[in-house]
Amino acid sequence: MIEIGERDRLATTEARDVALECLEAGIEAGHPRRVVRDAVSLEEATLRVADATFDLEAYDDVVVLGGGNAAAHVAAALEGILGDRIDGGVVVTDDPVEIDRVAVRRGDHPVPSERGVEGTREVLEAADAADEGTLVLAAITGGGSALMAAPAGDVTLEALRETTDALLESGATIHEINAVRKHLSDLKGGRLAQRAAPATVVSLILSDVVGNDVSVIASGPLAPDGSTYEDAREVIDRYGIDVPNVVSRRLERGAAGELPETPGYDDPAFQSVTNRVVADGMTVLESAREVAASRGYETLVLSSRIRGEAREAALAHVAVAEEARATGEPVSPPAVILSGGETTVTVRGEGRGGPNQEFATSAALEVAGGITVAAIDTDGIDGPTDAAGAIVDASTVDDAAAARAALAENDVEPYLAERDALVVTGPTGTNLNDLRVLVVG
């Protein structure tokens, strides 16, 4: 069970306690030990993954490959079901657990690292070794884009890191960011499927992408890619990103047709690939809603697809909560309003923080008495910080000018830390986007 650090200190009111319980329940609902158990079963030699079935007697080997924040937990859950029917494999993650039959390699998130490159090289070597007698069970989860780093051609790790940093700070959407990542990688954008062919591949996907586009989750290593080198160039131009020369040259060569495109929908490699999303943002929201209802609150799920600038999204959420408190519309208090999705931050300052911390700070500047706001990233890592997010109410901001200055400098983490508002979970074992809870008294 997930434990929020110093919970008693944060739960100073009933509303805060309810918000924290919703956060805990949402994260727990998205943990692989639960979602894999629900999605996967084994009866004699028949393996079921969601609505697809596979006869294990038809394969010489069963291996587990993949990466992401939750990949090791997915692999552990699969091993708990299949046991010694798993013949090996390797996953790359920043949240490792001990597994008997699958190698777990450490990587880094949200910016790729050398150890992530080394682990990903093992994933690709295992994919290359697969043949028509191999069943590959792929653990693909949020965070896989950074963790499974495989710089293509003459792109260096340092160039990839610099480009990733710039993209994450630009305010670009995850679809735009991953369009670039795919065209700088030997694994992303369906290239892992090409490497694994002609093996049979079934991927268990934990989605951290609004809309569950499997070509975007972890940059779609096992999905056909509809983006192009030219699309990637346009993203760089649109956000005015200064990328290393080796990156711009690769994108230019690709757009000129000098490099092969990422595989599209007609590529034969995908004929033996089955992708199944086994958990997403709605998984989290439904569990949080059940907890709120059990505590006697009316509930409203605004959307699992909230996106845009975090501080602007916060204003819209506060407005809904204020309307509920004033008029009983669209939900009558006492109520809990929930949302998921993935907001972004356009970084202009030099401080520390993340989208959920900026959401909370922006909300705290506006929120009236009787409304509590909590916002976290379900992987436990909000931006490049050790906090998952924050919980605030009308008592949080004692100096509006200081709060606005923190937002202007993208330096909200120390501001929230000084006010005992940070929510710290540590690695949660899952990654299903953001979870926001507004408790209206």
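Residues numbered from 1 in each chain as written. Predicted model: local features only at pLDDT ≥ 70, side-chain atom pairs only at ≥ 80, totals over all residues. Heavy atoms only, no water.

Regarding the overall build of the chain
Consideration 1: Counting secondary structure elements, the chain contains 16 helices and 15 strands.
Consideration 2: Here the C-alpha atoms of the chain give a radius of gyration of 22 Å, agreeing with the 22 Å that 2.2 N^0.38 yields for 441 residues.
Consideration 3: In terms of principal-axis extent, the alpha carbons of the chain reach across some 65 × 55 × 35 Å.
Consideration 4: A buried classification covers 58% of the 441 residues belonging to the chain.
Consideration 5: By element, 44% of the accessible surface of the chain is carried by carbon and sulfur atoms, the whole surface being about 16,700 Å².
Consideration 6: The distance from the centre of the 36 positive side-chain charges to the centre of the 77 negative ones in the chain is 1 Å. (Helix = DSSP H or I, 4+ residues; strand = E, 2+ residues; numbered from the N terminus. Rg over C-alpha atoms; globule rule 2.2 N^0.38 Å. Buried < 20%, exposed > 50% of the residue type's maximum accessible area, 1.4 Å probe, protein only. Areas by Shrake-Rupley, 256 points an atom, 1.4 Å probe, with all protein chains shown as cover. Lys, Arg positive; Asp, Glu negative; His and termini not counted. Charge placed at Lys NZ, Arg CZ, Asp CG, Glu CD.)

A word on the packing of helix α13 (residues 310–327) against helix α14 (residues 355–366)
Consideration 1: Between α13 and α14, the shortest axis-to-axis distance is 8 Å and the interhelical angle comes to 45 degrees. Between α13 and α14, the angle falls in the class oblique. Crossing geometry of α13 relative to α14 is assigned as right-handed. Within the contact between the two elements, α13 uses A310, R311, A313, A314, L315, H317, V318 and E322 and α14 uses P355, E358, F359, S362, A363 and E366. (Axes fitted to C-alpha atoms, helices over the stretch in contact; angles between N-to-C directions. Parallel < 35°, antiparallel > 145°, perpendicular 65-115°, else oblique. Left-handed = near helix turned anticlockwise from the far one by under 90°. Contact = heavy atoms within 4.5 Å.)

Quick look at the sheet that holds strand β14 (residues 422–423)
Consideration 1: Spatially, β10-β11-β15-β12-β13-β14 is the arrangement adopted by the six strands of the open sheet, whose pairing is mixed. The two strands at the open ends of the sheet, each matched to only one other strand, are β10 (298–309) and β14.
Consideration 2: Looking at chain direction, β10 and strand β11 (residues 335–344) are connected through nine bridges and run parallel. Following the sheet pairing, E309 is matched in β11 by T344. (Pairing = 2+ DSSP bridges.)

Any functional reading would require information that these geometric values do not contain.
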